[in-house]
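Geometric and topological summary
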Amino acid sequence: MLTVTTLYATDPETAKGLDTAGIRDRFHVAEMFAEGEIRLTYTHYDRMIVGGAVPAGKELTLDAVAETGTETWLARREAGILNIGETGTVTAGGESYELARGDMLYIGLGAGPVSFAGPGRFYIVSTPAHKAYPTTLIKPEDANEVKLGSAETSNDRTIYQCIHETGVQSCQLVMGYTKLHSGSVWNTMPAHTHDRRMEAYLYFDVAEGQRVFHLMGEAQETRHIVMASEEAVLSPPWSIHSGVGTGAYTFCWAMAGDNMAFTDMDMLAVADLK
Ligand SMILES: O=C[C@H](O)[C@@H](O)CC(=O)C(=O)O
Ligand SMILES: [Zn+2]
């Protein structure tokens, strides 16, 4: 079963006036992972699609998505798939790839239908593309590891860059995930914006009963969204994107836009946030 929800883009002036429900409606994506289903959100932020596929014993195939107006969903798109569940299989372009937990598959333009099988929980991100790059499996050891933050500021973390400028190639999708080290709960603080690229976060490995307070908004107008495990949040280009958990967590980040430069960030001083 395939469900697709459309999420329109929101400008910063409108965002300022929203209450909690309004903010959640426009930026927060919940219930993406349902057994036996593929659930997608087609966003108008650089037309990024985010979603989940949980085959749970049967095979799920993602072929056409009406919202893209193309014969197959990847006819003019590329995708990144991260497995956050047990080892499962993704079949694309006639080849099957075994994805252990933490493995990512880049799928190039024109790969055709994509099938999901096994006990995996697959997070799907897709963005428009103009050229076919090879479909490639990325194991954590193939990713570029970047260590950021420190225990003193509770943001000691390792970034795993999987699809990126100097790694597995793509048209515009940049994707990886960040693991917080034991005792560290802050991600992406000091915060930043990059008006030329939007971003989406999927928080996962958040323990039952724990939450992550995702911070968003313009630097002088911050808001928060309380997030449970396996929920995603869209970060408009004008928004900060940062979070703090009541416990340990990992998050997958994905970006699309004008450039693919991970370090191209307009940094904000903590003291300048309001
Ligand atoms: O532009 C880069 C993105 O915000 C994230 O990749 C940041 C991140 O994963 C982190 O600080 O841990
Ligand atoms: Zn960012």
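For clarity, every value in this text was computed on a predicted model and none was experimentally measured.

Each value, and the rule that gives it
- Residues numbered from 1 in each chain as written.
- Chains lettered and ligands numbered in written order.
- Predicted model: local features only at pLDDT ≥ 70, side-chain atom pairs only at ≥ 80, totals over all residues.
- UniProt positions renumbered as here; feature names shortened; annotations may be inferred.
- Helix = DSSP H or I, 4+ residues; strand = E, 2+ residues; numbered from the N terminus.
- Contact = placed C-beta atoms within 7 Å.
- Buried ≥ 20, exposed ≤ 12 C-beta atoms within 10 Å, placed from the backbone.
- Near = placed C-beta within 6 Å.
- Nonpolar A, V, L, I, M, F, W, Y, C, P; charged D, E, K, R; others polar.
- Pairing = 2+ DSSP bridges.
- Axes fitted to C-alpha atoms, helices over the stretch in contact; angles between N-to-C directions.
- Core = buried A, V, L, I, M, F, W, Y, C linked by C-beta atoms within 7 Å.
- pLDDT = per-residue confidence, 0-100.

**Details of the UniProt feature "binding site: Zn(2+)" (unreviewed entry) in the chain**
Within the UniProt annotation, "binding site: Zn(2+)" (unreviewed entry) is assigned to His-192, His-194, Glu-199 and His-241. Taken together, the annotated residues stretch across 50 residues yet fold into one region, lying no more than 11.6 Å apart by C-alpha. Looking at the secondary structure, you find His-192 in strand 17 (residues 192-193). Apart from residues no more than four positions distant in its own chain, His-192 is found in contact with Ile-240, Met-265, Asp-266, Met-267 and Leu-268. Relative to the helices and strands, Glu-199 resides in strand 18 (residues 197-204). Among the residues examined, Glu-199 registers 23 C-beta atoms within 10 Å and is labelled buried. Apart from residues lying up to four places away in sequence, Glu-199 is in contact with Ser-235, His-241, Trp-253, Ala-254 and Met-255.

**Remarks on the site of ligand 1**
Residues in close proximity to ligand 1 include Leu-148, Arg-157, Ile-159, Thr-178, Asn-187, Thr-188, Glu-199, His-241, Trp-253 and Met-265, which together make up its full environment. Residue composition of the shell around ligand 1, grouped by class: four nonpolar, four polar and two charged.

**Details of the sheet that holds strand 5 (residues 60-62)**
Taking strand neighbours across the sheet as the criterion, the four strands line up as 5-10-7-8 in an open arrangement whose pairing is antiparallel. Only two strands of the sheet have a single neighbouring strand rather than two, namely strand 5 and strand 8 (95-99). Within the sheet, the average angular offset between the axes of one strand and its neighbour, ignoring direction, is 20°. Where strand 7 (residues 88-92) meets strand 10 (residues 114-117), four bridges bridge the pair, whose relative direction is antiparallel. Paired with Ala-92 across the bridge in strand 10 is Val-114.

**Description of the pairing of strand 14 (residues 157-163)**
Among the seven residues of strand 14, five are classified as buried, and the element is accordingly described as predominantly covered. In this sheet, strand 14 lies alongside strand 13 (residues 144-148) in antiparallel orientation, the contact comprising five bridges. Considered in strand 14, the bridge of Asn-144 is made with Gln-161. As defined by bridge partners, strand 14 adjoins strand 15 (residues 174-180) across six bridges and the pair is classed as antiparallel. Bridge pairing in strand 15 links Thr-158 to Lys-179.

**Describing the sheet that holds strand 21 (residues 231-235)**
Reading across from one edge, 2-21-18-23-15-14-13 is the order of the seven strands in this open sheet, with antiparallel pairing throughout. Each end of this open sheet is capped by a strand with a single partner; those strands are strand 2 (28-29) and strand 13.

**Observations regarding the nonpolar core**
Grouped together as the largest cluster of nonpolar side chains are 70 residues, with contacts concentrated most on Ile-81 and Val-125. Leave out the neighbours within four places in its chain, and Val-125 touches Met-48, Ile-49, Val-50, Ala-79, Gly-80, Leu-173, Met-175, Ala-200 and Ala-254.

**Topic: the environment of Thr-193**
Structurally, Thr-193 is set in strand 17. Its 20 C-beta neighbours within 10 Å are what place Thr-193 among the buried residues. Taking the C-alpha atoms as reference points, Thr-193 and Leu-268, separated by 75 residues in sequence, lie 8.0 Å from one another. Apart from the residues within four sequence positions on either side, Thr-193 is in contact with Trp-238, Ser-239, Ile-240 and Asp-266.

**Topic: unusual backbone geometry**
In this structure, Pro-190 follows Met-189 across a cis peptide bond, with omega equal to 5°. With respect to the helices, strands and loops of the structure, Pro-190 is situated in the loop between strand 16 (186-187) and strand 17. In this structure, Ser-154 is a non-glycine residue whose phi angle is positive, near 55°. One non-glycine residue, Asp-205, adopts positive backbone phi at about 55°. Inspection of the secondary structure assignment puts Asp-205 in the loop between strand 18 and strand 19 (212-218).

**Describing the confidence of the model for the chain**
Looking at the chain as a whole, the pLDDT averages 98, with 100% of positions reaching at least 70. Here the predicted complex carries an ipTM of 0.98, next to a pTM of 0.98.

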